[in-house]
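# Results of the structural survey
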Amino acid sequence: VQLQASGGGLVQPGSSLRLSCAASGRTDSAYKVGWFRQAPGKERLFVAAVTWTGDSTDYDDSVKGRFAISRDNARNTVYLQMNSLQPEDSAIYYCAADISSLSYLPRTPFKYDYWGQGTLVTVSS
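Below is a summary of the structure that appears in this document. (Residues numbered from 1 in each chain as written. Predicted model: local features only at pLDDT ≥ 70, side-chain atom pairs only at ≥ 80, totals over all residues. Heavy atoms only, no water.)

### Structural notes on the overall build of the protein chain
- The helix and strand inventory of the protein chain stands at zero helices and 11 strands.
- Along the protein chain, helices and strands appear, N-terminal first, in the series β-β-β-β-β-β-β-β-β-β-β.
- For 125 residues, the compact-globule formula gives about 14 Å, and the C-alpha radius of gyration of the protein chain, at 13 Å, lands near that figure.
- Projected onto the principal axes, the alpha-carbon positions of the protein chain cover approximately 40 × 25 × 25 Å.
- Burial statistics for the protein chain: of 125 residues in total, 42% are counted as buried.
- The contacts in the protein chain between residues at least 6 apart in sequence include a share of 57% that link residues at least 24 apart.
- Entry remark: accessible area of the protein chain is about 6,400 Å², with carbon and sulfur atoms responsible for 48%.
- Distance from the positive charge centre (12 side chains) to the negative charge centre (11 side chains) of the protein chain: 2 Å. (Helix = DSSP H or I, 4+ residues; strand = E, 2+ residues; numbered from the N terminus. Rg over C-alpha atoms; globule rule 2.2 N^0.38 Å. Buried < 20%, exposed > 50% of the residue type's maximum accessible area, 1.4 Å probe, protein only. Contact = heavy atoms within 4.5 Å. Areas by Shrake-Rupley, 256 points an atom, 1.4 Å probe, with all protein chains shown as cover. Lys, Arg positive; Asp, Glu negative; His and termini not counted. Charge placed at Lys NZ, Arg CZ, Asp CG, Glu CD.)

### Side note on the packing of aromatic side chains
- The final tally for this structure, using the stated rule, is six aromatic pairs.
- Arranged with centres 5.2 Å apart and planes meeting at 80 degrees, the rings of Phe36 and Tyr112 form a pair that is edge-to-face. One end of the pair, Phe36, is in strand E4 (residues 32-38); the other, Tyr112, is in the loop between strand E9 (91-98) and strand E10 (114-115), and 76 residues separate them in sequence.
- Under the relative-accessibility criterion, Phe36 is labelled buried at 0%.
- According to the relative accessible area criterion, Tyr112 is buried, its value standing at 5%.
- The interplanar angle of 75 degrees and the centroid separation of 6.4 Å between the aromatic rings of Tyr94 and Trp115 together place this pair among those described as edge-to-face. Here Tyr94 is found in strand E9, whereas its partner Trp115 is found in strand E10, with 21 residues between them in sequence.
- Among the residues examined, Tyr94 registers a relative accessible area of 12% and is labelled buried.
- Note on Trp115: relative accessible area 28%, which makes it partly exposed.
- In textbook terms, an aromatic cluster arises when at least three aromatic residues are bridged by ring pairs, as seen for Phe36, Phe46, Tyr94, Tyr112 and Trp115. (Phe/Tyr/Trp six-rings, centres within 6.5 Å; stacked < 30°, edge-to-face > 60°.)

### Here's the deal with the environment of Val123
- Its place among the elements puts Val123 in strand E11 (residues 119-123).
- Residue class for Val123 comes out buried when judged on its relative accessible area of 4%.
- Between the alpha carbons of Val123 and Gly34 there is a distance of 21 Å; along the sequence they are 89 residues apart.
- With sequence-adjacent residues up to four places away left out, Val123 is seen in contact with Val11, Gln12, Pro13, Leu85, Gln86, Pro87, Asp89 and Ser90.

See the structure below:
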């Protein structure tokens, strides 16, 4: 599975952005998708994840209520809608795919098998 993240940019605090993660390759197999973010000099942190069917999601507490993850399997794309953005949300955002048969949504990066290249989100006035 190849992943391509897009949609990042420079926005003001309180604004919204929608990130996209387009998948190609072996997209006929069920896979979970997670979004992570990494600020300069910091570790890569879990943001949100969604199952293949989209019926189950998980969010880090720092984004719960502000971010929403969804997927359109017909388009092989997963979205991360980010609202009420704050400067602390600034980071490179990565999407990743977990092709394992695990039923839960992993929060640790090493559980994911494939990664996109990342898209930069900067929140600043």
